[in-house]
Amino acid sequence: MSEIKLYSTLTKTIETFKPIKTGEVGVYSCGPTVYNFAHIGNLRAYVFADTLRRMFEFNNYKVNQVINITDVGHLSSDADEGEDKLEKGAKREHKTVWEIAEFYTNAFKADLLALNIEIPEKMPKATDNIDEMIEIVKVLETKGFTYSAGGNIYFDTAKFPNYYNLQGAKPKDQDLSARVELDQNKKHPTDFVLWFTQHKYGEHAMLWDSPWGKGFPGWHIECSAMATKYLGEHFDIHTGGIDHISVHHTNEIAQSEGAFGHKWVNCWMHNNFVNVKDGEKMAKSSDNFLRLQTLIDADYDPLDYRYYLLGGHYRSVMNFSYEALDGARNARNRLKNMLSGLKNEVAEGKDPILRSELRRAQQEADVNDKYFQLFTEKINDDLNTPEALAVLWSMLGDKVLLPESKIELTKKFDDVLGLKLLDNETDAIPEKVTGLAQKRQVARQNKDWSESDKLREELANLGYEILDREDRYELKKK
Ligand SMILES: [Zn+2]
């Protein structure tokens with residue numbers, strides 16, 4: 001296996017990955033705040049983290065991955081201002097915060113499954129880990145990193161050297177001063193709340209006892225506590241969207257390294273945004289809020305979206321459009337069709353001449369090995385999924401490789417890509433489509449040809465071709 005190379009946001013270079021424990025890797029990925037559905041831009045972070053996970057598994061690593069669920073304490077701004085997102089969701093939907101959290105946690109998990117994202121080893125909830133958060137705040141207090149103001153406990157960022165390391169440079173003063181206007185208790189604009197007992201938006205529904213009074217944790221401390229609980233005080237990789245670099249992850253590093261007194265995470269990795277057509281960042285607050293379900297309702301397979309994402313490098317901005325998604329759907333369908341053709345060839349035992357030629361067999365083995373090496377190289381090179389996909393395409397188009405080798409290699413590649421390329425076509429056909437096909441079969445039996453033609457057209461509009469056999473039919477994705 002070739003070396004694994006990953007881009008580190010902290011050092012801004014591609015680094016050769018060296019695990020803390022041989023053969024194992026610990027990865028923490030910031031999870032969702034469960035107050036609404038995820039938009040498709042959010043989901044890129046989890047497809048990226050899943051590809052990272054699958055790449056390590058492909059390289060025979062034992063992966064220990066944590067994705068947390070933020071069900072308390074994340075205010076509308078990442079810098080601790082505004083209303084609590086969960087409380088806001090509860091008001092909007094006339095439910096309790098607990099009901100909101102449960103509903104949207106389940107919706108998030110359903111999205112992960114639909115995108116064929118492997119469920120991580122641990123998915124802890126912030127509200128189950130309040131004691132761990134309080135412990136870290138206590139240590140920070142003992143070490144002199146905190147101050148109390150207006151009833152809240154703040155982290156004093158001036159006390160932490162290298163506070164701006166992750167972002168590379170200190171932001172302009174005017175960008176920072178916007179924050180302090182909203183919270184006069186802060187000594188410095190970058191200081192952040194570790195524990196709230198006072199909240200200007202009134203009563204908070206979720207409250208816990210603490211040495212500083214009844215209250216609730218700040219958002220940043222949650223990730224430090226949950227990551228450390230499951231991965232230890234020093235672990236391999238922390239991931240998230242690039243929007244987390246300047247505040248959330250900068251603060252996670254400050255409070256964790258402040259408390260532990262040593263390096264916390266070896267490699268910080270960040271995925272870029274998915275933009276909609278007008279070039280705006282896709283955010284839930286704006287109207288262009290696209291959910292995975294929006295795509296499913298438009299008859300896309302969630303894995304078409306996964307293919308679309310893999311077509312771009314995780315560090316590049318992607319500009320989402322339905323035309324691009326159509327391109328991804330067609331490409332994935334073509335791959336699936338090619339593979340089902342190959343499966344038929346294997347079943348029919350074609351190609352006897354090739355099999356009997358020894359010289360040819362040796363050549364075949366070499367070519368097989370070449371594609372495997374090439375794919376490994378690409379995926380181990382900072383997850384170069386666009387080029388890894390290109391290797392898959394050229395491998396399937398190769399003239400020397402036998403159909404069974406192509407299928408075997410696809411299996412291995414798809415363990416990393418997660419596109420379910422070898423699943424039986426019938427598994428992937430939506431119910432709506434099979435329903436229409438059955439209706440058409442009945443129409444044919446009744447010799448109602450105009451109805452049958454109408455249904456054939458409807459199926460065609462949904463991207464399916466119907467092939468009539470003697471007494472049955474076959475559906476094929478176009
Ligand atoms: Zn986080």
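Refer to the structure presented above.
Take the overall build of the chain next. Of regular secondary structure, the chain possesses 17 helices and 14 strands. Counting over 478 residues, the chain shows a buried share of 52%. Here the contacts in the chain between residues at least 6 apart in sequence split such that 74% fall between residues at least 24 apart. Roughly 21600 Å² of accessible area belongs to the chain as shown, and the carbon and sulfur atoms make up 49% of that amount.

Packing of helix α2 (residues 85–93) against helix α3 (residues 97–114) brings their axes to within 8 Å, and their N-to-C directions diverge by 95°. Between α2 and α3, the interaxial angle falls into the category roughly perpendicular. When α2 is examined against α3, the residues L86, E87, G89, A90, R92 and E93 are found in contact with a partner set consisting of V97, I100, A101 and Y104. Considered class by class, the residues forming the contact of α2 with α3 number six nonpolar, one polar and three charged.

This brings us to the coordination of the zinc ion. Six octahedrally arranged donors around a metal ideally form angles of 90 or 180 degrees; four tetrahedrally arranged donors ideally form angles of 109.5 degrees. Protein-derived ligands of the zinc ion are C30 (SG), C223 (SG), H248 (NE2) and E252 (OE), with the metal-ligand distances lying across 2.0 to 2.7 Å. In this structure, the zinc ion is surrounded by four donor atoms whose angles at the metal cover 71 to 130°, and the resulting shape is irregular. With a relative accessible area of 5%, C30 lands in the buried category.

Sheets are built from strands that pair by backbone hydrogen bonding, the pairs being arranged parallel or antiparallel. Ordered in space as β5-β6-β7-β8, the four strands form an open sheet in which the pairing is antiparallel. Taken across any chain shown, the strands that pair with only one partner, and hence form the sheet edges, are β5 (146–149) and β8 (216–217). Relative to β8, strand β7 (residues 192–196) runs antiparallel, the two sharing two bridges. The residue bridging F196 from the neighbouring strand is F216, located in β8.

Counting residues in each nonpolar core, the largest one holds 124 residues, and the members touching the most others are L6, F56, I237, Y305 and F413. A per-element tally of this core places helix α1 (residues 40–58) first, with 10 residues. When residues no more than four places from it in sequence are discounted, the contact partners of F413 are Y371, F372, F375, V391, L392 and M395. Counting residues in each nonpolar core, the second largest holds 10 residues, with I429, L462, Y464 and L475 among its members.

Calculation criteria
Residues numbered from 1 in each chain as written. Predicted model: local features only at pLDDT ≥ 70, side-chain atom pairs only at ≥ 80, totals over all residues. Heavy atoms only, no water. Helix = DSSP H or I, 4+ residues; strand = E, 2+ residues; numbered from the N terminus. Buried < 20%, exposed > 50% of the residue type's maximum accessible area, 1.4 Å probe, protein only. Contact = heavy atoms within 4.5 Å. Areas by Shrake-Rupley, 256 points an atom, 1.4 Å probe, with all protein chains shown as cover. Axes fitted to C-alpha atoms, helices over the stretch in contact; angles between N-to-C directions. Parallel < 35°, antiparallel > 145°, perpendicular 65-115°, else oblique. Nonpolar A, V, L, I, M, F, W, Y, C, P; charged D, E, K, R; others polar. Donors = N, O, S within 2.8 Å, 3.2 Å for Na, K, Ca; no water. Tetrahedral: all angles 85-135°; square planar, octahedral: opposite > 155°, others 65-115°. Pairing = 2+ DSSP bridges. Core = buried A, V, L, I, M, F, W, Y, C linked by side-chain atoms within 4.5 Å.

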